[in-house]
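A structural walkthrough
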Amino acid sequence: MEHPAVSTDWISQLPEAVLTDIMSLISTKEAVSTSVLSKSWEKLWASVPVLHFDLRQFLGDHVDSWEKFRDGQIKFVRFVNSVLRNRRNCKLDIFSLKMERENGCYCALDISPWIIYAVGCKPRVLSLVICTYEHLSIPNPVFTCTSLEELHLMTETRCTELIETESVKLPSLKIFSLGHAMIDGDFLKQLLSGCSVLEKVVLYCCDLHMFSNDRISSNSLQHFTLSDCGLLFESDVEVFFHNLVHLEMRNCRDDLNLHAPSLVSACIYHSSPCFYKSYLFGGLTNATSLDLFGTPEFIVFGATKFMDEQGGDLANFPLFSNLKNLTVGEWCIISNFNLVASFLQNSPNLENLTLYHKPSPKATEEDMAQWRSGILFRHEHLKKVHIVPNMGTYDQSFYKLVNALRASIKDSAVISVQLSFANMTSSVVI
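Because the structure is a prediction, the values reported are computed rather than measured. (Residues numbered from 1 in each chain as written. Predicted model: local features only at pLDDT ≥ 70, side-chain atom pairs only at ≥ 80, totals over all residues. Heavy atoms only, no water.)

**Quick look at the packing of aromatic side chains**
Stated precisely, the cut-off is as follows: Stacked, tilted and edge-to-face pairs are distinguished by plane angle, under 30 degrees for stacked and over 60 for edge-to-face with tilted covering the rest, among Phe, Tyr and Trp rings (Trp via its six-membered ring) whose centres lie within 6.5 Å. Segments assigned H or I by DSSP are reported as helices when at least four residues long, segments assigned E as strands when at least two residues long, and all are numbered from the N terminus. Classification of residues uses two cut-offs on accessible area relative to the type maximum, computed with a 1.4 Å probe and protein chains only: under 20% is buried, over 50% is exposed, and between them is partly exposed.
Within the structure shown, the criterion is met by nine aromatic pairs. An angle of 45 degrees between the planes, with centres 5.2 Å apart, marks the rings of Phe58 and Phe79 as tilted. Here Phe79 lies in helix H3 (residues 66-86) and Phe58 lies in the loop between strand S1 (50-54) and H3, a separation of 21 residues in the sequence. An identical accessibility class is assigned to Phe58 and Phe79; each is buried. Measuring from ring centre to ring centre gives 6.5 Å for Phe176 and Phe187, while their planes differ by 50 degrees; the resulting arrangement is tilted. Within this pair, whereas Phe176 is found in strand S5 (residues 175-179), its partner Phe187 is found in helix H5 (residues 185-194), the two being separated by eleven residues in sequence. Overall, Phe176 belongs to the buried group, its relative accessible area being 1%. Phe187 sits in the buried class, given a relative accessible area of 2%.

Set out below in structure tokens:
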């Protein structure tokens, strides 16, 4: 005789700490909605140590007018206020607030009380992604919250605003990211001096204004990323990151006069050479891995300017004695290799070279002359040259490059080519 199946609520029998950990993985709106499941779940969401508020969850699928955006914003404000008012007095680990614009509509809210509430709960992580029509001022308590280990501020207003604060004292902060803001030397010096264990800084779409009396220094910073930033530095501004391990710069106007004796890897991408100076070349000399992408003028202009400042003598070009992995390209290597070769000739311990080659019908026999001497790739330690054709395209300049490499590198080095077919890639030794 078969017995009817008994429905058992195994999830509700889990310890409250386990349930709140599970609910920490979803948004606060979704967590609050679990209150209808049963009596035991009614107030469980209030113990979750993570708050994720996202305006878009209240806007619906199609926001095609300011009125719809305003209605969603009103619902959002009521929800956030209700959650903060009814939340139990428990420790807050993560506070995340996202208020992004939708179809050109910006928020018009004073969010300072929410931020002050969050900071008062001593969170470990504070993340603010705010697009507002009004002036946005980050409350000073944010920069003196001793519990913060991660601080993410992505702000967007009608115009880029200067980030200002009375003081910065974040003794636990390890990661800081900032977007769409303007900062000056005073703030950056406050940040680096007031965050004694800061390891990672990411700046996105920011304008940095540094003047001749600004000296930027950090002993703790290990990772530094600049993406689409304007670096308005006077010529004698120097940056000393004594323990920096990784540097990444993408499409930045101007560059850094950087001193990084512990640098291991760097990725530099410039789509335009218009503002490029030569300072950065000297700051990368200790790296073991170096990626240089962008237009050919990025390398040509930077290297030429460096040699001009050193009296035009290639012997004064910086020596990359630690460099083992070099990646260059996104242009026609054959047509623009004379100054890239300077890097290769000054990298005696290079082991792996990757060339991102873009086809060009303008590659001429004169472009090949630099290869015929057979010295450009005769490195004692070179083990592998890998060629990546742009979009899987193989033209005459590509075959010239392959033939030149065959004739120039030592026999023990391997040349491989990346092949692409039907959204699949593979490497073939040639």
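**Details of the nonpolar core**
Formally: As used in this record, nonpolar core signifies buried Ala, Val, Leu, Ile, Met, Phe, Trp, Tyr and Cys residues forming a set joined through side-chain atoms within 4.5 Å. Only heavy atoms matter for contacts: two residues are in contact if any of them lie within 4.5 Å across the pair.
Core analysis: the largest hydrophobic core is formed by 105 residues, its most contacted members being Phe53, Leu97, Leu151, Phe176, Leu203, Phe224 and Leu247. Of the residues forming this core, the biggest block, six residues, is contributed by H3. In contact with Leu203, other than residues within four places in its own chain, are Leu178, Ile183, Leu208, Phe224, Thr225, Leu226, Ser227 and Cys229.

**Focus on the sheet that holds strand S9 (residues 215-218)**
The line we're drawing: Here, strands pair whenever DSSP counts at least two bridges between them. Axis geometry follows a simple rule: fit a line to the C-alpha atoms, using only the stretch in contact for helices, then measure angles between N-to-C directions, giving values from 0 to 180 degrees.
The strand order across the open sheet built from three strands is S9-S12-S14, with neighbouring strands paired in parallel fashion. Only two strands of the sheet have a single neighbouring strand rather than two, namely S9 and strand S14 (258-259). Pairing between strand S12 (residues 238-241) and S14: two bridges, direction parallel. Within S14, the residue paired with Phe240 across the bridge is His259. Docked against the sheet, H5 engages S9 and S12, running at close to 20 degrees with respect to S9.

**What about the pattern of salt bridges?**
Rules: Put simply, a salt bridge is a Lys or Arg side-chain nitrogen that is within 4 Å of an Asp or Glu carboxyl oxygen.
Using the criterion set out here, one finds three salt bridges in the structure. Between Arg250 and Glu248 there is a salt bridge; the shortest N-O distance is 2.7 Å. Here Glu351 ties to Lys383 by a salt bridge, and the two come within 4.0 Å at their closest N and O atoms. Of this pair, Glu351 sits in the loop between helix H8 (340-345) and strand S18 (352-357) while Lys383 sits in the loop between helix H9 (365-372) and strand S19 (384-389); the two residues are 32 residues apart in sequence, bridging distant segments of the chain.

**Remarks on the environment of Cys205**
Positionally, Cys205 belongs in the loop between strand S7 (200-204) and strand S8 (207-210). Distance from Cys205 to Leu178, taken between C-alpha atoms, is 8.5 Å for residues 27 residues apart in sequence. When neighbours within four sequence positions are excluded, Cys205 is seen to be in contact with His180, Ala181, Ser227, Asp228 and Cys229.

**A word on the pairing of strand S3 (residues 125-131)**
The buried fraction of S3 is high, at seven of seven residues. Burial along S3 is two-sided: the residues Val125, Ser127, Val129 and Cys131 and Leu126, Leu128 and Ile130 are all buried. Where strand S2 (residues 94-99) and S3 come together, six bridges link them in parallel fashion. Paired with Lys98 across the bridge in S3 is Val129. Bridge analysis of S3 against strand S4 (residues 150-156) gives seven bridges, and the strand direction is parallel. Counted as the bridge partner of Leu126 is Leu151 from S4.

Functional significance is not addressed by these values, which are geometric in nature.
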